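Each chain is listed here by its residues.
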Amino acid sequence: MYLDNAATTKIHPEVLKVMHNAPFANYNAKYYEEAEDAKKTINNAIKTMAELLCVDYKNLVITSGATESNNFIIKGFYQNYPKAHFITSKREHKSVLAVFEYLESIGADVSYIDTLDEVITFKHIKPLIKGNTKLVSIMSVNNETGIINDVEVIAQELQRLGIKFHTDAVQALGKVKLDYRLFDYVSFSSHKIYGPKGIGLAVVDREIQPLIHGSDQQHGYRAGTLANELIVGFAKAFELALGDIAKNLIKYQQQREIITRFLTDNLGEDLIINFNENNVFNIISIQIKGEMNQTFLKENHEVIKASTGSSCSVTAPSYVLKDHGFSDEAIRQTIRISLSIYDEYDMEIS
Ligand code: PLP
């Protein structure tokens, strides 16, 4: 069973089909109809994503993935406001944390939320705000724990104070209903929603500096030839994720019930489910008492293909779980299971 869908998903067959039929011509070319066709198709794909997010399509910038979107947004903002104060948490994905660490190394002022509470709310941000705080970055859903942070309320409170808000919504897209109109900056990735790898999206307000300079594609916000096949595939994946999100959430909930029942039946008292409230259905963080996660996963790789936590930091112990106050032993026993709505988990339920 492949249970590592928070790391990456299989491409959905409908996504592959539209990628296969994508127009090949250069979006920016002129004078021949293949180029016109490509332009129309790409514009429609980007507009589809904007409509599903309920945001202005002019605010969407196609990137190579969420790592680039996070770098683009945070560095692009810092370049405009190098004297500003920033707030984030220690539970962010590496592609946010490492950017802030880098910015600190060149003089940025960054504060980190310090709490053992599971969910990050405005209460944790408020005491850190200073007169020059200009950007707060908090992920919508954590990739290891599945915890949903209180990002809609955070965004509204910050807007009242004139502070911009960025959320890394990679693990939220299609897994929890969010009003994306509330956020100034958002990062998304295609390969977490059954789309192709190598493409992501940044929702921006045009007040930031570009990360990648070159020709004037995407209004000068991100240079480089547009990847027709990846863009149409990503847009189809967006439709599958958000087109009928209510139905998808029911499916994810059913999958979670099947898997947790299977784990409980097989592991009994040895099973601890780390977070079972305030989280998305598709991520289950578990501990197996007395079992080292790496050994367990290696020995059982034919049955369960999962990971010890974030796929990006396989060697280091999870800094996210540490920030939640977990002991080293508990971290070493923790496994992240992440589900797909397109797989059938036909296990016996006793
Ligand atoms: N942010 C979160 C929360 C993630 O889970 C990931 C992927 O693991 C990323 C960002 C990076 O996404 P990408 O692989 O598209 O660069």
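Residues numbered from 1 in each chain as written. Predicted model: local features only at pLDDT ≥ 70, side-chain atom pairs only at ≥ 80, totals over all residues. Heavy atoms only, no water.

S.K.: With reference to specific residues and values, describe the packing of aromatic side chains.
M.R.: Evaluation of the coordinates by the stated rule reveals twelve aromatic pairs. Between Phe77 and Tyr81, the aromatic rings sit 4.8 Å apart at their centres with planes inclined by 35°, giving tilted as the arrangement. With a relative accessible area of 1%, Phe77 lands in the buried category. Geometrically, the ring pair formed by Phe275 and Phe326 is stacked, given 5.7 Å between the ring centres and 25° between the ring planes. On the criterion of sequence distance, the pair formed by Phe275 in the loop between strand E8 (271–273) and strand E9 (283–288) and Phe326 in the loop between helix H10 (319–323) and helix H11 (328–332) is long-range, its members being 51 residues apart. (Phe/Tyr/Trp six-rings, centres within 6.5 Å; stacked < 30°, edge-to-face > 60°. Buried < 20%, exposed > 50% of the residue type's maximum accessible area, 1.4 Å probe, protein only. Helix = DSSP H or I, 4+ residues; strand = E, 2+ residues; numbered from the N terminus.)

S.K.: So what's going on with the sheet that holds strand E5 (residues 164–168)? Residues and values would help.
M.R.: Through backbone hydrogen bonds, the strands of a sheet pair up, either in parallel or in antiparallel fashion. Spatially, E1-E7-E6-E5-E4-E2-E3 is the arrangement adopted by the seven strands of the open sheet, whose pairing is mixed. Each edge of the open sheet carries a strand with a single partner, namely strand E1 (60–63) and strand E3 (109–113). Across the sheet, the axes of successive neighbouring strands diverge by a mean angle of 20°, strand direction being ignored. Across five bridges, the pairing between strand E2 (residues 85–89) and E3 is parallel. Bridging across to E3, Thr88 finds its partner in Tyr112. Relative to E1, helix H2 (residues 33–53) is tilted by about 120°, and along the sheet it contacts E1, strand E6 (185–189) and strand E7 (200–203). Contacting E1, E2, strand E4 (133–137), E5, E6 and E7, helix H3 (residues 66–80) crosses the sheet at an angle of about 160° to E6. (Pairing = 2+ DSSP bridges. Axes fitted to C-alpha atoms, helices over the stretch in contact; angles between N-to-C directions. Contact = heavy atoms within 4.5 Å.)

S.K.: For the packing of H3 against helix H4 (residues 94–105), give the residues involved together with the corresponding values.
M.R.: Closest axis-to-axis distance for the H3/H4 pair is 9 Å, and the angle between their directions is 30°. Regarding the angle of H3 to H4, the classification is roughly parallel. The handedness of the crossing between H3 and H4 is right-handed. For the pair H3 and H4, contact is made by Ala66, Thr67, Asn70, Asn71, Ile74, Lys75 and Tyr78 and by Ser95, Val96, Val99, Phe100, Tyr102 and Leu103, respectively. For the contact of H3 with H4, the per-class residue count stands at eight nonpolar, four polar and one charged. (Parallel < 35°, antiparallel > 145°, perpendicular 65-115°, else oblique. Left-handed = near helix turned anticlockwise from the far one by under 90°. Nonpolar A, V, L, I, M, F, W, Y, C, P; charged D, E, K, R; others polar.)

S.K.: For the sheet that holds E8, give the residues involved together with the corresponding values.
M.R.: Strand order in this open sheet of three strands is E8-E9-E10, and the pairing throughout is antiparallel. With partners counted over all chains shown, the strands left at the sheet margins are E8 and strand E10 (334–338), one partner each. Neighbour-to-neighbour, the strand axes of this sheet turn through a mean angle of 30°, independent of strand direction. Across five bridges, E9 lies against E10 in antiparallel orientation. Looking at E10, one finds that Ile283 is bridged to Ser338.

S.K.: How would you explain the site of the ligand if you had to name every residue and give the values?
M.R.: In the vicinity of the ligand there are 14 residues, among which Thr67, Asp168, Ser189, His191 and Lys192 approach most closely. Between an oxygen atom of the ligand and a side-chain N or O atom of His93, the distance comes to 3.3 Å. Of the residues contributing to the shell around the ligand, the split by class is four nonpolar, eight polar and two charged. (Near = heavy atom within 4 Å. Polar contact = N/O pair within 3.5 Å; in protein donor to acceptor, adjacent residues only side chain to side chain.)

S.K.: Outline the pattern of salt bridges, supporting the account with residue identities and numerical values.
M.R.: One pass over the structure, following the stated rule, counts 14 salt bridges. One salt bridge connects Asp4 with Arg336, and the closest N-O pair in it is separated by 3.3 Å. Of this pair, Asp4 sits in the segment before helix H1 (13–20) while Arg336 sits in strand E10, placing them 332 residues apart in sequence. Each of the two residues, Asp4 as well as Arg336, counts as buried. As a salt-bridge pair, Lys10 and Asp343 come within 3.4 Å of each other at their nearest N and O atoms. Linking Lys10 in the segment before H1 with Asp343 in the segment after E10, this pair joins segments that are 333 residues apart in sequence. Residues joined by salt bridges that share partners form a network here, namely Glu14, Lys236 and Glu239. (Salt bridge = Lys/Arg side-chain N within 4 Å of Asp/Glu carboxyl O.)

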